[in-house]
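The primary structure of each chain is shown beneath.
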Amino acid sequence: MDVLAQLIDDLSGGCRPGLTARQQADNAGQALARAMRFEGWLPEEFTQTEGDEYCRRIAHVGNDGLFTLMVMAWEPGQTTPIHDHISWCSVAVYAGDEE
């Protein structure tokens, strides 16, 4: 099973036009939870870090622009300042722990 392709399909269906932002966020969270039941499905290029900063890589942008699948890779001890987002976000930890 291609978990990444299935996640993108699930996100495309769950973040479709006509749904509220809350429905889209809930659907995205459920899609991520399904994908996270599997191990080893993210290509290695998405999980690599570079230097002292965490890395962000775009894995997919929905055709309608309603969602972006972004993968962030962190080394132990790396942080980011407190910040705000202007839209909803669903998060899952692929490997390791978040503090």
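Our structure's up above, just so we're on the same page.
Residues numbered from 1 in each chain as written. Predicted model: local features only at pLDDT ≥ 70, side-chain atom pairs only at ≥ 80, totals over all residues. Heavy atoms only, no water.

**Q** Mind laying out the overall build of the protein, listing which residues take part and the relevant values?
**A** From N to C terminus, the protein includes three helices and two strands. Ordered by position from N to C terminus, the α and β elements of the protein give α-α-α-β-β. Since a compact globule built from 99 residues should have a radius of gyration of about 13 Å, the 14 Å found for the protein is in line with a globular shape. Considered along the principal axes of its C-alpha atoms, the protein spans approximately 40 × 35 × 20 Å. For the protein, the proportion of contacts with a sequence separation of at least 24, taken over those separated by at least 6, is 58%. Only carbon and sulfur atoms are counted for the fraction: they give 48% of the accessible area of the protein, which is about 7200 Å². (Helix = DSSP H or I, 4+ residues; strand = E, 2+ residues; numbered from the N terminus. Rg over C-alpha atoms; globule rule 2.2 N^0.38 Å. Contact = heavy atoms within 4.5 Å. Areas by Shrake-Rupley, 256 points an atom, 1.4 Å probe, with all protein chains shown as cover.)

**Q** Describe the environment of Gly96, with residues and values.
**A** Topologically, Gly96 is positioned in the segment after strand E2 (68-73). Linking Gly96 and Pro43, residues 53 residues apart in sequence, is a C-alpha distance of 16 Å.

**Q** Could you give an account of the pairing of E2, naming the residues involved and the relevant values?
**A** Going residue by residue along E2, you find Leu69, Val71 and Ala73 tucked away on one face and Thr68, Met70 and Met72 left uncovered on the opposite face. Relative to E2, strand E1 (residues 55-61) runs antiparallel, the two sharing six bridges. By the bridge assignment, Val61 is partnered in E2 with Thr68. (Buried < 20%, exposed > 50% of the residue type's maximum accessible area, 1.4 Å probe, protein only. Pairing = 2+ DSSP bridges.)

**Q** Explain the pattern of salt bridges to me, using residue names and the numbers behind them.
**A** Under the definition given, this model contains three salt bridges. Salt-bridge contacts for Asp26 lead to Arg22; the nearest nitrogen and oxygen are separated by 3.3 Å. Taken together, the residues span about one helical turn, with Asp26 and Arg22 both in helix H2 (residues 21-35) at a distance of four residues. By relative accessible area, Asp26 is classed as partly exposed at 34%. By relative accessible area, Arg22 is classed as exposed at 61%. (Salt bridge = Lys/Arg side-chain N within 4 Å of Asp/Glu carboxyl O.)

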